[in-house]
Amino acid sequence: MRELLTKHRELLRFAVVGGISFVITMSVNYGLKFTVLRTHPVTALIVGVLVATIFSYVANREWSFRTRGGRERAHEATLFFLLSGVALGLNALPQWFSRYVLDLQAPRLSPFGVEVADFVSGIIIGTLLGTLFRWWAFKKWVFPDAGGRPRAAPVPTAEDPDIPGSKAA
């Protein structure tokens, strides 16, 4: 099990960052959708995704892909946000389609039916599409070189026999 977790460390970290970003997206989306953007649900979703994307850049750069590099920071950030913009479009497209092509909104649906349609299309399907695209695009273009940024060397402790310079070595 440990070998499997180690082998897929980046993917697991990316998933954790994605989970936190999902909570941020949902919180902002529903906070806006039920208050100041009641008549603009797609805009509320887009704002939620934008806020989560800012968090995601920092978390992915410093944790998920911390050993990957290959780009100067400004170039990396530009690519990250550009590709996140594409992912944002992929994220919003299913809800837009649900609302404005399939007309799954009031008065055709009850308020509960509208929320279910928005949740399935925008939160479930849209998030899945955006996440799959981000995973592929970030590894391919934003953080392309495995081992491009060396990890910080561990600080020796008296108890760690594997670290040169510790008392236990």
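The rules behind these values
Residues numbered from 1 in each chain as written. Predicted model: local features only at pLDDT ≥ 70, side-chain atom pairs only at ≥ 80, totals over all residues. Heavy atoms only, no water. UniProt positions renumbered as here; feature names shortened; annotations may be inferred. Salt bridge = Lys/Arg side-chain N within 4 Å of Asp/Glu carboxyl O. Helix = DSSP H or I, 4+ residues; strand = E, 2+ residues; numbered from the N terminus. Buried < 20%, exposed > 50% of the residue type's maximum accessible area, 1.4 Å probe, protein only. Phe/Tyr/Trp six-rings, centres within 6.5 Å; stacked < 30°, edge-to-face > 60°.

The protein has the name Membrane protein in an unreviewed UniProt entry, where Amycolatopsis rifamycinica is given as its organism. Here is the UniProt Subcellular location (unreviewed entry) comment for the protein, exactly as written: "Membrane". For the protein, the Sequence similarities (unreviewed entry) comment in UniProt is given as "Belongs to the GtrA family."

Overview of the pattern of salt bridges
Scanning the entire structure with this criterion turns up eight salt bridges. Note that Arg73 and Glu62 form a salt bridge whose closest N and O atoms lie 3.1 Å from each other. Of this pair, Arg73 sits in helix H4 (residues 73-101) while Glu62 sits in helix H3 (residues 41-64), and the two are eleven residues apart along the sequence. You can call Arg73 partly exposed: its relative accessible area is 49%. Each of the salt bridges in this network shares a partner with another, and the network as a whole consists of Lys33, Arg99, Glu115 and Asp118.

Brief notes about the packing of aromatic side chains
Per the stated rule, a full pass over the model turns up 13 aromatic pairs. Centroid distance Tyr30 to Phe34: 5.5 Å. Interplanar angle 20 degrees. Geometry classified as stacked. Relative to Phe81, the ring of Phe80 has its centre 5.4 Å away and its plane inclined at 75 degrees; by these criteria the two rings are edge-to-face. When its relative accessible area of 0% is taken as the criterion, Phe80 is described as buried. Phe81 gets classed as partly exposed once you look at its relative accessible area, which sits at 37%. Ring pairing ties together the aromatic residues Phe14, Tyr57, Phe65, Phe80, Phe81, Trp135, Phe138 and Phe143, which thus form one cluster.

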